[in-house]
Amino acid sequence: MNKDIYILGAGGHAKVIVELAEETGYNIQGIVDDDHHIEHIFQYEVSHKSDVLMGKQNIFFALGNNRSRQKNSLKYPAPEFNLIHPSSIISKRTEFGVGNAVMAGVVINSSVKIGNHCIINTSACIDHDCEIENFVHISPNASLAGNVKVLEGAQVGIGATIKQNITIGKWAVVGAGAVVIRNVPDNATVVGCPARIINMNL
């Protein structure tokens, strides 16, 4: 397998992706971002010309924003791999798409399905039979009980807890520390314990 990798994005999240790529044996060939204020990530020079990526394979999105990952997935080919930290504990019966970042300390239990271009962030816990659709971000220390569905583009905030058999709607946002005991509609923002809707992101 080709272990060369190009990284799109150079913000704070990209620092974690760079280290994750290094930790898993990938060779970083280039980092691209349109923010001209960012010149380097660690020892790597950042290019501000997107044409650097033209015709390239193994482009990994180091973009924390779910919409940005979705938008760029229409422009660039999906990488045929995931970046998975060696300290994570993942059931052999987990089904992955591609382009996913799984950070240090993550636990994923049996029969979980994860789509494409998701972020499963530091020390998140996903229990059995959960389904995570494309472009989702499960934030650090979030906990999903069994049979939770997180639909496309949703974000589960830091330290949030999702009760079993709950569905988080498309492009919904679960606030930090929220405790979700009811289904969350598409495009809703919920906060609190128990979580309540405070906004509809239409």
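Our structure is the block above this text.
A brief structural summary. Along every chain, residues carry numbers that run from 1 in the direction the sequence is written. In keeping with the model being predicted, local features are shown solely for residues with a pLDDT of at least 70 and side-chain atom pairs are shown and tallied solely at 80 or more, while totals for entire chains, interfaces and linings include all residues. Where side-chain values are given, they derive from all heavy atoms of the structure, hydrogens and water being excluded.

### Regarding the sheet that holds strand β10 (residues 107–108)
Consideration 1: Criterion used throughout: strands pair if DSSP finds at least two bridges between them. Numbering of helices and strands starts at the N terminus; helices are DSSP runs of H or I of at least 4 residues and strands are runs of E of at least 2. Ordered in space as β7-β10-β13-β16-β19-β22, the six strands form an open sheet in which the pairing is parallel. Since the sheet does not close on itself, it has two edges, and those belong to β7 (89–90) and β22 (179–180), each with one partner.
Consideration 2: Pairing of strand β19 (residues 161–162) with β22, which is carried by two bridges, proceeds in the parallel orientation. Bridge pairing in β22 links Thr161 to Val179.

### Remarks on the sheet that holds strand β21 (residues 173–174)
Consideration 1: Taken in spatial order, the eight strands of this open sheet run β6-β9-β12-β15-β18-β21-β23-β24, and their pairing is mixed. One side of each edge strand has no neighbouring strand; the edge strands of this open sheet are β6 (83–84) and β24 (196–200).
Consideration 2: Pairing geometry for strand β15 (residues 137–138) and strand β18 (residues 155–156), over two bridges, is parallel. By the bridge assignment for β18, His137 is matched with Gln155.

### Here we look at the pairing of strand β4 (residues 44–47)
Consideration 1: For every residue, the accessible area obtained with a 1.4 Å probe (protein chains only) is divided by the maximum for its type, and the residue is called buried under 20%, exposed over 50%, and partly exposed between those limits. Only one face of β4 is buried, namely the one carrying Tyr44 and Val46, since none of Glu45 and Ser47 on the opposite face is buried.
Consideration 2: Where strand β2 (residues 27–32) and β4 come together, two bridges link them in parallel fashion. Following the sheet pairing, Val32 is matched in β4 by Ser47.
Consideration 3: Relative to β4, strand β3 (residues 40–41) runs antiparallel, the two sharing two bridges. Along β4, the bridge assignment pairs Ile41 with Tyr44.
Consideration 4: Counted along the chain from β3 to the antiparallel partner β4, the turn is two residues long, and its residue Phe42 has a positive phi close to 55 degrees.

### A look at the environment of Met200
Consideration 1: In this fold, Met200 is placed in strand β24.
Consideration 2: Between the C-alpha atoms of Met200 and Pro185, which are 15 residues apart in sequence, the distance is 8.8 Å.

### A few points about the side chain of Asn66
Consideration 1: Here Asn66 is to be found in helix α2 (residues 66–73).
Consideration 2: As used in this structure description, the phrase polar contact means that two N or O atoms lie within 3.5 Å; if the pair is within protein, one of them must be able to donate a hydrogen and the other to accept it, and residues adjacent in sequence are counted only when both atoms belong to side chains. Polar contacts involving the side chain of Asn66 include one to the side chain of Arg69, which spans 2.8 Å.
Consideration 3: A polar contact of 3.2 Å, which involves the side chain of Asn66, links it to the backbone oxygen of Ala154.
Consideration 4: Whether two residues are in contact is decided by their heavy atoms: any pair within 4.5 Å suffices. Ignoring sequence-local partners within four residues, the contact set of Asn66 consists of Phe135, Val136, His137, Gly153, Ala154, Gln155 and Trp171.

### Comments concerning the side chain of Thr189
Consideration 1: Inspection of the secondary structure assignment puts Thr189 in strand β23 (residues 188–191).
Consideration 2: Setting aside residues up to four positions removed in sequence, Thr189 forms contacts with Val173, Arg196, Ile197, Ile198, Asn199 and Asn201.

### Here we look at the layout of surface pockets
Consideration 1: Think of a 1 Å grid over the protein atoms and nothing else: a 1.4 Å probe that fits but is trapped marks a cavity, an open set flanked by protein within 12 Å on at least five of seven lines marks a pocket, and residues with an atom within 4 Å of a point count as lining. Grid points are joined across faces, edges and corners, and a volume is the space filled by probe spheres set on the points. Of the voids in this model, the largest pocket is the one considered here, and its volume is about 270 Å³.
Consideration 2: Along its surface, the largest pocket is lined by 13 residues, and Leu8, Asp33, Asp34, Asn72 and Lys75 are the ones closest to its centre.
Consideration 3: Among the elements that take part in the lining of the largest pocket, α2 stands out by supplying three residues, more than any other.
Consideration 4: Looking at side-chain class alone, the lining of the largest pocket contains four nonpolar, five polar and four charged residues. The nonpolar class holds Ala, Val, Leu, Ile, Met, Phe, Trp, Tyr, Cys and Pro. Asp, Glu, Lys and Arg form the charged class, and all remaining residues, Gly among them, are polar.

### Looking at the environment of Ile41
Consideration 1: Relative to the elements of secondary structure, Ile41 occurs in strand β3.
Consideration 2: Given a relative accessible area of 2%, Ile41 falls into the buried group.
Consideration 3: A sequence separation of 23 residues divides Ile41 from Val18, and the C-alpha atoms of the two residues are 8.2 Å apart.
Consideration 4: Non-local contacts of Ile41, meaning those with residues more than four positions away in its chain, are made with Gly9, Ala10, Ala14, Lys15, Val18, Ile31 and Val46.

### Re unusual backbone geometry
Consideration 1: In this chain, Cys193 is followed by Pro194 through a cis amide linkage whose omega measures -5 degrees.
Consideration 2: Within the secondary structure, Pro194 sits in the loop between β23 and β24.
Consideration 3: Backbone geometry at Asn165 places phi at a positive 65 degrees, although glycine is not the residue there.
Consideration 4: Positive phi outside glycine occurs at Trp171, with the angle close to 60 degrees.
Consideration 5: Mapped onto the elements of the fold, Trp171 is located in the loop between β20 (167–168) and β21.
Consideration 6: The buried category is assigned to Trp171, whose relative accessible area is 12%.

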